[in-house]
Amino acid sequence: EILLHPPLRLTAGWQAALSGDWQRAGRDGSPVHEVATLFAAIDDMALQLRRHTENLERQAAELRGGNDRLQAEVTERMKSEQRIQALNVELGIANQTLRVAKEAAEAANRAKSAFLANMSHELRTPMNGVMGMMELAKRHMIDPKGRVYLDKAKGAADNLLAVLNDILDLSKIEADRLALEEL
């Protein structure tokens, strides 16, 4: 019985350990107790590894979520940059169109000013001739009623000449060629 007693205790300890009862497996300083202590340490390490693995999996899931958010943000920024580039192209086209329209308007304004100056001069010269002839006719007119008519015609011609002079002055102002005269 002395020889059988340790193997029986070892067998009983192994059976208890296999069933998960580490406390009963070895209560004394026997080899079964050492094996039980070793198995308990291994179980503790396995539990720590499982917790560590779960923690790593949770962190990996958080990182994947953060990565997805960053990718979405980068995609949105790239779309915004593309929209900005498209708007810059449109703005450049609009600026060029405005530049061309401005140049055309300035050319039309110069042509108008030149036309007004030319037409005013062309109309003023014959008008001075008509006014001079009315003055001559008035000097030789004997009929008082005829003189009244010539005075009215001269007044209308003076008014028309004033309008022509104003048009000529306006065209000179627009063309930056107006010279002031001393009176």
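Residues numbered from 1 in each chain as written. Predicted model: local features only at pLDDT ≥ 70, side-chain atom pairs only at ≥ 80, totals over all residues. Heavy atoms only, no water.

### Points about the overall build of the protein chain
Working step 1: Assigned secondary structure in the protein chain consists of four helices and zero strands.
Working step 2: Ordered by position from N to C terminus, the α and β elements of the protein chain give α-α-α-α.
Working step 3: Put simply, the protein chain has 183 residues, and 12% of those count as buried.
Working step 4: Contacts in the protein chain between residues far apart in sequence, at least 24 positions, make up 42% of those at least 6 positions apart.
Working step 5: With the model as given, the accessible surface of the protein chain reaches about 14,800 Å², and the carbon-plus-sulfur share is 62%. (Helix = DSSP H or I, 4+ residues; strand = E, 2+ residues; numbered from the N terminus. Buried < 20%, exposed > 50% of the residue type's maximum accessible area, 1.4 Å probe, protein only. Contact = heavy atoms within 4.5 Å. Areas by Shrake-Rupley, 256 points an atom, 1.4 Å probe, with all protein chains shown as cover.)

### Points about the nonpolar core
Working step 1: Residues Met 127, Met 131, Met 134, Leu 150, Ala 157 and Leu 161 constitute the largest nonpolar core, which totals six residues.
Working step 2: Elements that contribute at least two residues to this core include exactly α3 (31-140) and α4 (144-174).
Working step 3: Leu 161 has contacts with Arg 124, Met 127, Asn 128 and Met 131, leaving out every residue within four places of it along the chain. (Core = buried A, V, L, I, M, F, W, Y, C linked by side-chain atoms within 4.5 Å.)

### Some thoughts on the confidence of the model for the protein chain
Working step 1: Across the protein chain, the average pLDDT comes to 82, with 76% of residues at or above 70.
Working step 2: At the low end of the mean pLDDT range in the protein chain sits helix α2 (residues 22-25), at 51; at the high end sits α3, at 88. (pLDDT = per-residue confidence, 0-100.)

### Some points on α4
Working step 1: The terminal C-alpha atoms of α4 lie 45 Å apart, and with 31 residues this matches the ideal 45 Å at 1.5 Å per residue to within 8%.
Working step 2: When α4 is considered as a whole, its buried residues turn out to be Gly 146, Leu 150, Ala 157, Leu 161, Leu 164, Leu 168 and Ser 171. (Expected span 1.5 Å × (residues − 1).)

### Points about the environment of Thr 53
Working step 1: Along the chain, the position of Thr 53 falls in helix α3.
Working step 2: Take Thr 53: its relative accessible area is 39%, and that puts it in the partly exposed class.

### Description of a nonpolar patch on the surface
Working step 1: Together, Phe 115, Met 119 and Leu 123 make up a nonpolar patch on the protein surface, roughly 280 Å² of accessible area in all.
Working step 2: Checked against the element boundaries, Phe 115 lands in helix α3.
Working step 3: Taking the relative accessible area as the measure of exposure, Phe 115 reaches 51% and is therefore exposed. (Patch = residues over 30% accessible without salt bridge, like charges linked within 9 Å, V, L, I, M, F, W, Y side chains within 5 Å. Salt bridge = Lys/Arg side-chain N within 4 Å of Asp/Glu carboxyl O.)

### Re the pattern of salt bridges
Side chains carrying opposite charge are able to pair once their charged atoms draw close together.
Working step 1: Within the structure shown, the criterion is met by six salt bridges.
Working step 2: Put simply, Glu 62 and Arg 58 hold a salt bridge, and the shortest N to O gap is 3.2 Å. Taken together, the residues span about one helical turn, with Glu 62 and Arg 58 both in helix α3 at a distance of four residues.
Working step 3: For the salt bridge of Lys 154 with Asp 158, the shortest nitrogen-to-oxygen distance reads 3.2 Å. Of this pair, Lys 154 and Asp 158 are both found in helix α4, four residues apart, which corresponds to roughly one turn of the helix.
Working step 4: The exposure class assigned to Asp 158 is partly exposed, which follows from its relative accessible area of 33%.

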